[in-house]
Amino acid sequence: MSRSAFAAFFARNPRTLARALIGSVLEVDGCGGIIVEAEAYAHNDPASHSYTGRNSRNARMFGPPGTAYVYRSYGVHWCLNFVCDPKQRGCAVLIRALEPTKGLDRMRARRGTDNIRQLCSGPGKLTKALGITGALDGLSLDARPFKLTLPKGPLPPIVTGPRIGITRAVEQPWRFGLKGSRFHSRRFAK
DNA sequence: TCGCCGATGTTCT
DNA sequence: GAACATCGGCGAT
């Protein structure tokens, strides 16, 4: 994909981008899989890190579309986001779950389990499986160690629901999943 | 299968 | 000092 097409793909509102990312293949240094779950966080969204303005942690959310925003969650885990439309100051898509397809042995070793359904079925789990840390914060998704392969052909079937693990704006159905996947972080209600 | 809890960096009030 | 876009281990059900 050309550089301009790459930027155009990400420079959309976070809900549209989250939906469009489902079915993409994300790899980091040869480890990864199919994105089966993502959440949208908007600039005017009380649940978003960018809601109260820019600070040293969320600075990447205000950067160019198509960069990674990696932050530490609960002081323990790393979480991976994709930055989207720069005109909507500070919005991003949280990558919540992958269906593991690449580098399975290395991901099993990093996660300490052989259960493939446990490798990447959560935002903290997938960063550990792929070796993602704060060192990757601010890097472009268009270059090493990242590799993102966007889906070709018709959009896959999508399910939606409320976001996970938040206390504000809990009613917004801004969690998107690949319909029928066995690799979600939590089940989607029917 | 459920709920509770500890770990612990960074921001918010 | 409290809250937080989480996870895994534990004991009870």
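These numbers come from a predicted model, not from an experiment.

(A) The protein's contact with DNA strand C, seen in detail. Around DNA strand C lies a shell of 20 residues, among which His77, Asn81, Arg111, Gly165 and Thr167 are the nearest. Between Tyr41 and DNA strand C, the recorded distance is 3.4 Å, taken from a side-chain N or O atom to a sugar or linking oxygen. Between a phosphate oxygen of DNA strand C and a main-chain N or O atom of Lys125, the distance comes to 3.3 Å. Elements with a contribution of two residues or more to the surface near DNA strand C: strand E3 (68-73), strand E4 (77-83), strand E5 (92-102) and helix H5 (123-130). Per element, the largest residue contribution to the surface near DNA strand C is 3 residues, and it comes from H5. Split into classes, the residues belonging to the surface near DNA strand C amount to 9 nonpolar, 8 polar and 3 charged.

(B) Examining the pairing of E4 more closely. Within E4, 5 of the 7 residues are buried, leaving the element largely enclosed by the surrounding structure. As defined by bridge partners, E3 adjoins E4 across 6 bridges and the pair is classed as antiparallel. By the bridge assignment for E4, Ser73 is matched with His77. With 3 bridges connecting them, E4 and E5 associate as antiparallel partners. Each bridged residue has a counterpart across the sheet, and for Phe82 the counterpart in E5 is Val93.

(C) Structural detail: the protein's contact with DNA strand B. Taken together, the residues surrounding DNA strand B are Thr52, Asn55, Ser56, Arg57, Arg72, Tyr74, Gly75 and Val76. One nitrogen or oxygen atom from the side chain of Thr52 is found 2.5 Å from a phosphate oxygen belonging to DNA strand B. In the model, a base oxygen of DNA strand B is placed 2.3 Å from a nitrogen or oxygen of the Tyr74 main chain. In the surface near DNA strand B, the residues fall into 2 nonpolar, 4 polar and 2 charged.

How each quantity is defined
Residues numbered from 1 in each chain as written. Chains lettered and ligands numbered in written order. Predicted model: local features only at pLDDT ≥ 70, side-chain atom pairs only at ≥ 80, totals over all residues. Heavy atoms only, no water. Near = heavy atom within 4 Å. Polar contact = N/O pair within 3.5 Å; in protein donor to acceptor, adjacent residues only side chain to side chain. Helix = DSSP H or I, 4+ residues; strand = E, 2+ residues; numbered from the N terminus. Nonpolar A, V, L, I, M, F, W, Y, C, P; charged D, E, K, R; others polar. Buried < 20%, exposed > 50% of the residue type's maximum accessible area, 1.4 Å probe, protein only. Pairing = 2+ DSSP bridges.

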